[in-house]
Each structure stands twice: as structure tokens, then as C-alpha cells.
Amino acid sequence: MAELKDKLRTDLTAAIKERDPAVTGVLRMALSAIGTEEVSGKQARELTDEEVQRVLSKEAKKRDESASAFDAADRPEQAAAERTEGEILRRYLPAQLDENELIELVRAAVSEVAADLGEQPGPKQMGQVMKVANAKVAGRAEGGRVAAVVKAELAS
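The following refers to the structure shown. Here the structure is a predicted model, which is why all the values come from computation and not from measurement.

Some points on the overall build of the protein
Looking only at helices and strands, the protein features 7 helices and 0 strands. Listing the helices and strands of the protein from first to last along the sequence gives α-α-α-α-α-α-α. A compact globule built from 156 residues would reach a C-alpha radius of gyration of about 15 Å, whereas the protein, at 19 Å, exceeds it by more than 25%. Considered along the principal axes of its C-alpha atoms, the protein spans approximately 60 × 40 × 30 Å.

Okay, structure coming up:
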């Protein structure tokens, strides 16, 4: 069993005992989303920690988008609730890279692709660089952020 999923279950039990409705609700939702992902597809399977992190990341991103929508609709209470749920989910995700760390990893990925190609990659090799960069980032930065930095590096 994935250690992260086991930790979520343990923390859910603790939240129930502490009568913390916010954490209890978020962890139940997260475990439900994980369960749904496990039974999707042709055959049920157990998710790895990396796959569980992807599910949690997707759920946290949904909360961010909902908070933005609630802000735009002038509903600050719901926006605050969504942000709180997102923060609870982020406790279980790896720390996000700051901009400088992300730039360093992308530059390393560009150098790696350059070594394979024998020349400096350009915008046409963005897919190759993204593949290497995403492997290095390993869920510690959102794909859009990585793509923006890769695009900037390839353009310079």
C-alpha cells in the first residue's frame, strides 16, 4: 500500500477523534478521489505514492480554481473555505520549488538535451526538454510554471 495513502487514513482517524470537521471533510474527499482513481480503467489497482500525490495535486488545483471563481463572484466566505481545503491538501504534497530552483533544474534539462542532440535546443525541442525537466521536477512545480520557464530558456 502507498505510504501516503496510509498516512491520509491515519490522519483522517485522528481528525475524526479531534472532531475537526474541516480536515475530516478534506481527507475523506481526498481518499474518495484516490479510490475513484484506483478503480478507473479496465482493472482496479493500488496507486503508488507518486500517483497519490498527482491526485492530491489535482484536487488542490481544483480548490485554487474554485477559490478564484468565488472571489470573482464576490463570495469571500466560500473562497476562504476553498483556500483552506487547498492548504490542507498541500500538507501532503512535496514542497514547491521556488523560481530560482526551477530555473536551475530547467537549465540542467536543457544542457542534458543539448548533450544528446549535439547542439543547443531551440523551441522545436520543447517537448524533449519538457520531458527531462518534468522528470527532474517530480511534482514539485505545476506543469504550467515548468513550461513557461522552459519556453523562456529556449527562447534565450
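A word on the nonpolar core
Counting 21 residues, the largest nonpolar core has Leu8, Leu27, Ile34, Val52, Leu56, Leu89 and Tyr92 as its most contacted members. Within the residue set of this core, elements represented by two or more residues are α1 (3-17), α2 (21-39), α3 (49-72) and α4 (76-90). Examining the composition of this core, we find that 7 residues originate from one element, α2, more than from any other. Those residues within four positions of Tyr92 in sequence are excluded, and the remaining contacts are Leu4, Lys7, Leu8, Asp11, Leu27 and Leu56. In this structure, Leu97, Val132, Val137 and Val146 belong to the second largest nonpolar core, which totals 16 residues.

A few points about the pattern of salt bridges
The tally for this structure, following the rule as stated, stands at 15 salt bridges. In this structure, the salt-bridge partner of Glu51 is Arg45, at a minimum N-O distance of 3.0 Å. The partner of Arg145 in a salt bridge is Glu99, with the nearest N and O atoms 3.3 Å apart. Of the two residues, Arg145 is situated in helix α7 (residues 143-155) and Glu99 in helix α5 (residues 99-117); the sequence distance between them amounts to 46 residues.

Topic: the packing of helix α6 (residues 126-137) against α7
Remark: α6 packs on α7, axes separated minimally by 10 Å, with the N-to-C direction vectors making an angle of 130°. The angle between α6 and α7 places the two elements in the oblique class. For the pair α6 and α7, the sense of crossing is right-handed. On α7, the residues that touch Met126, Val129, Met130, Ala133, Asn134 and Val137 of α6 are Gly143, Val146, Ala147, Val150, Lys151 and Leu154. When its residues are assigned to classes, the contact of α6 with α7 shows 9 nonpolar, 2 polar and 1 charged.

Details of α2
Between the first and last C-alpha of α2 there are 27 Å, a value that for 19 residues agrees with the 27 Å anticipated at 1.5 Å per step. Within α2, burial applies to Val23, Thr24, Val26, Leu27, Ala30, Leu31, Ala33, Ile34 and Glu38. Those residues of α2 hidden inside the fold are in contact with α1, α3 and α4. Looking one or two places after α2, you find Gly41, whose phi comes out positive at around 95°.

Thoughts on unusual backbone geometry
With phi around 55°, Arg19 is a residue other than glycine that occupies positive phi space. A positive phi angle is found at Asp74, which is not glycine, with a value near 60°. The class for Asp74 is exposed, based on a relative accessible area of 65%.

Criteria and thresholds
- Residues numbered from 1 in each chain as written.
- Predicted model: local features only at pLDDT ≥ 70, side-chain atom pairs only at ≥ 80, totals over all residues.
- Heavy atoms only, no water.
- Helix = DSSP H or I, 4+ residues; strand = E, 2+ residues; numbered from the N terminus.
- Rg over C-alpha atoms; globule rule 2.2 N^0.38 Å.
- Core = buried A, V, L, I, M, F, W, Y, C linked by side-chain atoms within 4.5 Å.
- Buried < 20%, exposed > 50% of the residue type's maximum accessible area, 1.4 Å probe, protein only.
- Contact = heavy atoms within 4.5 Å.
- Salt bridge = Lys/Arg side-chain N within 4 Å of Asp/Glu carboxyl O.
- Axes fitted to C-alpha atoms, helices over the stretch in contact; angles between N-to-C directions.
- Parallel < 35°, antiparallel > 145°, perpendicular 65-115°, else oblique.
- Left-handed = near helix turned anticlockwise from the far one by under 90°.
- Nonpolar A, V, L, I, M, F, W, Y, C, P; charged D, E, K, R; others polar.
- Expected span 1.5 Å × (residues − 1).

Functional significance is not addressed by these values, which are geometric in nature.
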